[in-house]
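In case you want the letters, here they are:
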Amino acid sequence: MTQTTRPQKILVVSRSPDLASVVREAAGDVETDYASSPAEGLERVRASRPDIVILGPLEPPGAIWQFYGELRQGWISRHSSVLVVELDYTADSHRILEDEYLQAGAGAYAVTGRPLVPRDSLLAALREKIVSKLAQRKNRLKASIAGPGKFCLIWEQIPGLGAFEMRQEMVLENAGKAGRGGKICSISVTDNPGGNPAISNEILAQEIRKLGVEPLVHVAFRDKSRNQCESLLYQLAAMNINNLLVLTGDYPSNVAFQGTSRPVFDLDAVNGLQLITQMNRGMEHEIMRKMTTLAPTDFFCGVAFSPFKQEEAEVMGQYYKLVKKIRAGADFLITQVGYDARKWQELKLWLKVQDYRIPVVASIYALSEATARTMNANLVPGCVVTDRLLAQVAAEAATPDRGRQARLDRAAKMYAIARGMGFAGASISGLGLPYESVEYIIRRGEELAGGWEGLVGEFDYPQENGFYYFQRDAKTGLNLENPGPRTQKPAHPPIYYFSRAVHAAVFEPRSPLFKVLQPLARLVDSSRTLKKVFGSFEFWTKAVLYGCMNCGDCALFDVAYLCPVSQCPKNQRNGPCGGSHHGWCEIYENEKKCIWVRAYRRLKAGRRENTIADYIVPPCDWGLWQSSSWLNFYLGRDHVSRRLGVKPHGWHRPPRL
């Protein structure tokens, strides 16, 4: 994990420096700053964004209430909690007025009427209020997932179409029940699930916070350009919504207005994590030709991971991409839906062997027959229900309660196994799952957790000819630490070997031909006619060989000479999405193999499959669209040349309209 936690801060604004001394003593290790006037205080609030602003006596009389109003109206300052300390020396007493009462106009609220002297009275009251306020401002989901010995519970909610529909009403009703029940740490809100249009989840997340539960907002990059992603993240930060599940997203469905929506996929999950990590550190932007560092955000980011793949290439591709996600800044993982306990433990064991100390949340889905059939048919990409499990669920559905008790007990047993395996928590979901059923799953799961090993055999649903990363432990039914055999045959297409040979001779900076061709590229780039002729030759050559779309920022080198722009519907440059099924692309099942399955098999021929995890590929630079990628490479303009250290020469951008 690369994210650093933003330290909590307190600012004291008062003409009395003695109050600042008392606050520092009461606050302990919490960073405490002091300002002697409202003007200085407002400047410091805007610069450091303290968690609590404590107001003491100010000049002239009444200035404290005017300043409080300014704090509440300010775009930056309104995010700080406020305490007002009134010192009445004539009555030898003090009062601490809380922000909630000040907003309501109840300025006479008195926390304590104890004498001001000795000072310990004020000190104890301040310490109590500071601890309480800082605890309220802490990210409860983060504390629960990352906290040792804790088991975080998330309840997934799926908003639907429309602004004033019962689906949205139910989401908020469930959140209210979860808040009152006290067992659920977070409500997870999906983002256009299934690629269908739905109400924006950040709107519901804001309402969920008011109900006393921490929201976990899914951010899918399917529908958004990188500008939109960045704008959305600014919005979420301003709303104090900091928990994100960063996803590539399902491919758009065909229920959008007048047909299928155009997929965007400008960023993948890895690139999105890089963006968020930079924002958490304080992102730099050039504004009016001057570099400006933006205020750091405090996002806590999870990513999805599917251990439930069938083919060796699919499984290994998921793990290679996970390396990149962790490197890019993922703070926790949530598994996809599956019912193979060995696959759950495989992920935990892989993290242990690789020495990645990142918490994992297990997905637990209360499986109805209708949903089981949908998942079995691969209509929910990434979720796995085998034929044998489907038959069992169908038999349960024939009972008088239509399988209700069986699916709740199955979910409770999964809860117990997740507890026993050392997962950091569970994300519970299910179509129309009421809160009472969630409580049952939790209660029954806790009862079963002590004997979780005995439940493993009930979740033995391997896929036909399924690949496992580790060898099977015959005693437990789980895994040994020994890697399993990798028997998938490599691929040997002639185009791959031809491409590698051309690359070594022509595009390797250390090759003799590169040193000859680079000056020639500069000459071609200096002439509009030569550049046009050269670009046409390149395009038609690569269109025939690779299906080139002339993006100008070529990723053939990164995907074993397969084009992710023309051959991957989601433009995945850093590894496979989670939607492939038995090696097939989720969009073109039984028609086209996932390009990362094909890339893995090509690379395996030279024992280079591990190179998939070597480096993070940046998103396509669309400023190079419809320009020559060969010229861009030789002249140091594209992402590959930057990675290889080719010095840039000139620059090309399309004219602004």
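Residues numbered from 1 in each chain as written. Predicted model: local features only at pLDDT ≥ 70, side-chain atom pairs only at ≥ 80, totals over all residues. Heavy atoms only, no water.

**As for the overall build of the protein chain**
Reasoning step 1: Each helix and strand in the protein chain was counted, giving 23 helices and 17 strands.
Reasoning step 2: Relative to its length of 657 residues, the protein chain is compact, with a C-alpha radius of gyration of 29 Å against a globular reference of 26 Å.
Reasoning step 3: Along the first, second and third principal axes, the C-alpha set of the protein chain runs to 95 × 75 × 50 Å.
Reasoning step 4: Burial status across the protein chain gives 52% buried among its 657 residues.
Reasoning step 5: The contacts in the protein chain between residues at least 6 apart in sequence include a share of 70% that link residues at least 24 apart.
Reasoning step 6: Separation of charge centres in the protein chain, based on 81 positive and 68 negative side chains, amounts to 6 Å. (Helix = DSSP H or I, 4+ residues; strand = E, 2+ residues; numbered from the N terminus. Rg over C-alpha atoms; globule rule 2.2 N^0.38 Å. Buried < 20%, exposed > 50% of the residue type's maximum accessible area, 1.4 Å probe, protein only. Contact = heavy atoms within 4.5 Å. Lys, Arg positive; Asp, Glu negative; His and termini not counted. Charge placed at Lys NZ, Arg CZ, Asp CG, Glu CD.)

**Notes on the environment of His503**
Reasoning step 1: Assignment of secondary structure puts His503 in helix H17 (residues 494–507).
Reasoning step 2: The class for His503 is buried, based on a relative accessible area of 17%.
Reasoning step 3: Distance from His503 to Ser132, taken between C-alpha atoms, is 62 Å for residues 371 residues apart in sequence.
Reasoning step 4: Each residue touching His503, except ones within four places of it in the same chain, is listed here: Glu508, Phe557 and Tyr561.

**A closer look at the side chain of Ser499**
Reasoning step 1: Counting through the fold element by element, Ser499 comes out in helix H17.
Reasoning step 2: Residue classification places Ser499 among the buried residues on the basis of a relative accessible area of 3%.
Reasoning step 3: For Ser499, the side chain forms a polar contact with the main-chain oxygen of Ile495, separated by 2.7 Å. (Polar contact = N/O pair within 3.5 Å; in protein donor to acceptor, adjacent residues only side chain to side chain.)

**Points about the layout of surface pockets**
Reasoning step 1: There is about 1800 Å³ of room inside the largest pocket.
Reasoning step 2: Breaking the lining of the largest pocket down by element, the ones donating at least two residues are helix H4 (99–103), helix H5 (120–137), helix H6 (140–146), helix H8 (201–210) and helix H9 (226–238).
Reasoning step 3: Split into classes, the residues belonging to the lining of the largest pocket amount to 15 nonpolar, 13 polar and 17 charged. (1 Å grid on protein atoms, 1.4 Å probe; cavity = no way out; pocket = protein on both sides within 12 Å on 5 of 7 lines; lining within 4 Å. Points joined across faces, edges and corners; volume = space filled by probe spheres on them. Nonpolar A, V, L, I, M, F, W, Y, C, P; charged D, E, K, R; others polar.)

**Brief notes about the environment of Leu102**
Reasoning step 1: Its location among the elements puts Leu102 in helix H4.
Reasoning step 2: In this structure Leu102 comes out as buried when scored by relative accessible area, which is 10%.
Reasoning step 3: Taking the C-alpha atoms as reference points, Leu102 and Tyr68, 34 residues apart in sequence, are found 8.7 Å from one another.
Reasoning step 4: Residues contacting Leu102, with those up to four places away along its chain left out, are Trp65, Tyr68, Val84 and Leu97.

**Considerations on the pairing of strand E3 (residues 52–55)**
A regular strand carries its side chains on alternate faces of the sheet.
Reasoning step 1: Burial of E3 is two-sided: the residues Ile52 and Ile54 facing one way and the residues Val53 and Leu55 facing the other way are all buried.
Reasoning step 2: Looking at chain direction, strand E1 (residues 9–13) and E3 are connected through four bridges and run parallel. Bridging from a neighbouring strand, Ile10 pairs with Ile52 of E3. (Pairing = 2+ DSSP bridges.)

**Quick word on the environment of Glu286**
Reasoning step 1: Topologically, Glu286 is positioned in strand E10 (residues 284–287).
Reasoning step 2: Sequence spacing of Glu286 and Asp33 is 253 residues, and the spatial spacing of their C-alpha atoms is 30 Å.

**Focus: the pairing of E1**
Reasoning step 1: Across the five residues of E1, five count as buried, placing the element largely inside the fold.
Reasoning step 2: Of the two faces of E1, both are covered, the one formed by Lys9, Leu11 and Val13 as well as the one formed by Ile10 and Val12.
Reasoning step 3: Note on the crossover from E1 through helix H1 (residues 17–27) to strand E2 (residues 31–35): the handedness is right-handed. (Right-handed = clockwise from strand over helix to strand, strands pointing away.)

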